[in-house]
Structure formats: C-alpha cells, structure tokens
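# Secondary and tertiary structure notes
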Amino acid sequence: MAASSQAEVGDWDGAMRTYEQAIERFEQTSVPVPPDILCSSAALILRTAQDAEARERGARRADQCFRSTVPGSPERVEVTRAVARL
C-alpha cells in the first residue's frame, strides 16, 4: 500500500493524507474500511502526534481500529502500544 511505503521512508504527512483518502473512498462507497488501514493509520497518527488535537484524532482512529478487529488481532499490536504511551 502506498501509505505504508510513504510512512517507511518518513513521509508521515503524505502517508496520513493517503490513509485519509483511502478511508474516505471506502466510506463513500459504503464499504467497511479494512482493519489494516484503520489500524495502520491510528498507529501512525499516535506515533507522530505532537499536540493534544493530534493525540485526540489518533485516539478516535484507534477506537475505530479496535472496533473493527477482535482481541488478539495482529493489526492491534502497534496501536495498543501507541495508546499505552499516551
């Protein structure tokens, strides 16, 4: 996925935009957003948050991640760690 590639090379703003665009497209077509997109997005937001607004946005996305997965899902691991650091 393009967003994860962007995040790997340090283009965090670009990756966040790409995740947001993907999420919007899924929502526009009334198709559930895949958990890996929600969870990767949440992890990135939480990892790079520098202010309260960004942390809140990350927490909301983490909530979406947790609601779209079951306990023990590998998609949750990084998000759970990031939330614990808040």
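Residues numbered from 1 in each chain as written. Predicted model: local features only at pLDDT ≥ 70, side-chain atom pairs only at ≥ 80, totals over all residues. Heavy atoms only, no water.

For the rest of this paragraph, the subject is the state of the cysteines. Taken as a whole and judged by the stated rule, the model has 1 disulfide. Residue cysteine 39 pairs covalently with cysteine 65 via a disulfide, S to S 2.0 Å. Torsion about the S-S bond of the cysteine 39 and cysteine 65 cystine: about 95°, corresponding to right-handed handedness. Of this pair, cysteine 39 sits in helix α3 (residues 35–48) while cysteine 65 sits in helix α4 (residues 52–68), and the two are 26 residues apart along the sequence. (Disulfide = S-S within 2.5 Å. Helix = DSSP H or I, 4+ residues; strand = E, 2+ residues; numbered from the N terminus.)

Judged by nonpolar contacts, Ala3, Ala7, Ala15, Met16, Tyr19, Ile23, Val33, Ile37, Leu38, Leu44 and Ile45 together constitute the single largest core of 11 residues. Alanine 15 has contacts with Ala3, Gln6, Ala7 and Leu44, leaving out every residue within four places of it along the chain. Counting residues in hydrophobic clusters, the runner-up holds 8 residues, among them Leu46, Cys65, Val79 and Ala82. (Core = buried A, V, L, I, M, F, W, Y, C linked by side-chain atoms within 4.5 Å. Buried < 20%, exposed > 50% of the residue type's maximum accessible area, 1.4 Å probe, protein only. Contact = heavy atoms within 4.5 Å.)

Turning our attention to helix α2 (residues 12–28). Taking 1.5 Å per residue as the helical rise, α2 with its 17 residues ought to reach 24 Å, and the 24 Å between its terminal C-alpha atoms agrees with that figure. Buried within α2 we find Gly14, Ala15, Met16, Tyr19, Ala22 and Ile23. Serine 30 sits one or two residues past α2 and shows a positive phi near 60°. (Expected span 1.5 Å × (residues − 1).)

As for its position among the elements, threonine 48 is in helix α3. Engagement of the side chain of threonine 48 in a polar contact is seen with the backbone oxygen of leucine 44, the distance being 2.8 Å. Apart from residues lying up to four places away in sequence, threonine 48 is in contact with Trp12 and Met16. (Polar contact = N/O pair within 3.5 Å; in protein donor to acceptor, adjacent residues only side chain to side chain.)

Looking at the secondary structure, you find arginine 76 in helix α5 (residues 76–85). Among buried Asp, Glu, Lys and Arg side chains, arginine 76 stands out as unpaired, with glutamate 75 the closest opposite charge at 7.2 Å. For arginine 76, the contacting residues outside a window of four places in its chain are Cys65, Phe66, Thr69, Val70 and Pro71. (Lys, Arg positive; Asp, Glu negative; His and termini not counted. Salt bridge = Lys/Arg side-chain N within 4 Å of Asp/Glu carboxyl O.)

The subject of this paragraph is the environment of alanine 49. Note that alanine 49 resides in the loop between α3 and α4. For alanine 49 and leucine 86, which are 37 residues apart along the polypeptide, the C-alpha to C-alpha distance reads 9.8 Å. Once residues within four sequence positions are removed from consideration, alanine 49 is found in contact with Ala54 and Arg55.

Moving on, we come to the packing of α3 against α4. The N-to-C vectors of α3 and α4 enclose an angle of 155°; their axes lie 8 Å apart at closest approach. Considering the angle they form, α3 stands roughly antiparallel to α4. With respect to the hand of their crossing, α3 and α4 are arranged in left-handed fashion. Residue-level contacts link Pro35, Leu38, Cys39, Ser41, Ala42, Ile45 and Leu46 of α3 to Ala54, Arg55, Arg57, Gly58, Ala59, Arg61, Ala62, Gln64, Cys65 and Ser68 of α4. Within the contact of α3 with α4, the residues separate by chemical class into 10 nonpolar, 4 polar and 3 charged. (Axes fitted to C-alpha atoms, helices over the stretch in contact; angles between N-to-C directions. Parallel < 35°, antiparallel > 145°, perpendicular 65-115°, else oblique. Left-handed = near helix turned anticlockwise from the far one by under 90°. Nonpolar A, V, L, I, M, F, W, Y, C, P; charged D, E, K, R; others polar.)

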